[in-house]
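# Inside the fold
Residues per chain are reported as follows:
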Amino acid sequence: MAIISEVEEETSSSQPSTLPFRATFDSSNPLGFLEKVFDFLSQQSDFLSKPSAEAEIAAAVRAAKEKLRKAEKKSVEKKPVEKESVAASSSEPMEVEEAAPIAPNKGNGYDLENYSWVQTLQEVTVNVPVPSGTKARSVVCEIKKNRLKLGLKGQDPIIDGELYRSVKPDDCYWNIEDQKMISILLTKQDQMEWWKCCVKGEPEIDTQKVEPENSKLADLDPETRSTVEKMMFDQRQKQMGLPTSDELQKQDILKKFMSQHPEMDFSNAKIN
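In this report, we go over the structure that sits alongside the text. (Residues numbered from 1 in each chain as written. Predicted model: local features only at pLDDT ≥ 70, side-chain atom pairs only at ≥ 80, totals over all residues. Heavy atoms only, no water.)

## Thoughts on the overall build of the protein
Test applied: Comment: elements are numbered from the N terminus, with helices defined as DSSP H or I runs of at least four residues and strands as E runs of at least two. Here, residues are in contact when the closest pair of their heavy atoms is within 4.5 Å. Surface accessibility follows the Shrake-Rupley procedure with a 1.4 Å probe radius. Residue values consider only the protein chains on display as shielding.
Counting its secondary structure elements, the protein contains five helices and ten strands. The long-range fraction of contacts in the protein, counting pairs at least 24 apart against all pairs at least 6 apart in sequence, stands at 45%. Summed over all atoms, the accessible surface of the protein reaches about 20,000 Å², with 50% contributed by carbon and sulfur.

## Looking at the side chain of Gln119
Summarising the element assignment, Gln119 is placed in strand 4 (residues 116-119). Non-local contacts of Gln119, meaning those with residues more than four positions away in its chain, are made with Gly107, Asn108, Val124, Lys188, Trp194, Trp195 and Ile205.

## A closer look at the packing of aromatic side chains
The cut-off we apply is this: Put simply, two rings from Phe, Tyr or Trp (the six-membered ring, in Trp's case) pair if the centres are within 6.5 Å, and we call them stacked under 30 degrees between planes, edge-to-face over 60, tilted for the rest. Using a 1.4 Å probe on the protein chains alone, a residue whose accessible area is under 20% of its type maximum counts as buried, one over 50% counts as exposed, and one in between counts as partly exposed. Note on geometry: a ring has a charge over it if NZ (lysine) or CZ (arginine) is within 6 Å of the ring centre and within 35 degrees of the ring normal.
In total, this model carries one aromatic pair according to the counting rule given. With a centroid separation of 6.3 Å and an interplanar angle of 55°, the aromatic rings of Tyr164 and Trp195 are classed as tilted. Here Tyr164, found in the loop between strand 8 (159-162) and strand 9 (173-177), pairs with Trp195, found in the loop between strand 10 (181-187) and helix 3 (214-219); they are 31 residues apart in sequence, far enough to count as distant. Grouping residues by exposure puts Tyr164 and Trp195 together as buried. Between Arg165 and the ring centre of Tyr164, over which it is positioned, the NZ or CZ distance is 4.3 Å.

## As for unusual backbone geometry
The backbone of Asn108 shows a phi angle near 65°, a positive value even though the residue is not glycine. Positionally, Asn108 belongs in the loop between helix 2 (53-89) and strand 3 (110-111). Residue classification places Asn108 among the buried residues on the basis of a relative accessible area of 7%.

## A few points about the sheet that holds strand 8
Applied cut-off: Between any two strands, pairing holds if DSSP finds at least two bridges. Helix axes are fitted only over the stretch in contact, all axes being lines through C-alpha atoms; the angle between N-to-C directions runs from 0 to 180 degrees.
The three strands are arranged 6-7-8 in an open sheet whose pairing can be described as antiparallel. In this open sheet, the two strands that pair with only one neighbour each are strand 6 (139-143) and strand 8. If you compare each strand with its neighbour and ignore which way they point, the axes differ by 5° on average. Pairing between strand 7 (residues 147-152) and strand 8: four bridges, direction antiparallel. Residue pairing in the sheet places Arg147 in a bridge with Glu162 of strand 8.

## Section: the sheet that holds strand 10
If you trace the five strands from one edge of the open sheet to the other, you get 3-4-5-10-9, paired in antiparallel fashion. Looking along the sheet, the strands with just one partner apiece sit at the ends: strand 3 and strand 9. When strand 9 meets strand 10, the two strands line up antiparallel, connected through five bridges. Of the residues in strand 10, the one forming a bridge with Asn175 is Ser183.

Structural data, given as structure tokens:
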């Protein structure tokens, strides 16, 4: 709430008189404030009686809107200039907006510059190429519940960051293949979720485009396979804007209940 007031000034014969105006401005009702202004004008002057009053008021409104438009335009144009200035004056990498999800690779993961990763619902496998002839004793690998660090002794880590989701450290391991590829197997804590990335901060994949191989589904136990198929069905339904399996089940339950109780009014019933 803002209060606007003008203090009555002493008048003289050579200066026009000023009258006090006091009104409370409510931001939720700006027209109410304007009505008080016009009431004051009609009581204290003949301005509103002038034939040109409406045109002058409309011109004042247009001028105020144009001033606001120019201020907004100036504010928008100023932002990229500030970014360019920062980029020119600093050699440090700038933070960029989070990228949109991307399609996964054939293993339902992603290929990065220094490593690649693939996944099933139960595991994540990280493959890191290293110089040919690398020995296991030269590898530094730390697998914690929420963090992964991998590198070669005496060098900066190749991977060092927080995992997308928790893993079971006791069920994780790594090995070096042909002395040129480090393979890390991470066992997921939650084995009913697809990871969007391996390490937080890396590009995220679109998990709705994940496609498990049918042969792998056949190897799952009936309960797990049923859960996976349900997740895949729900993902397809969401992409098409259709109800998920749980929502369909709720609709069926409501329809059965409605048929059993025709005397009840369900016109305002909603399914959450």
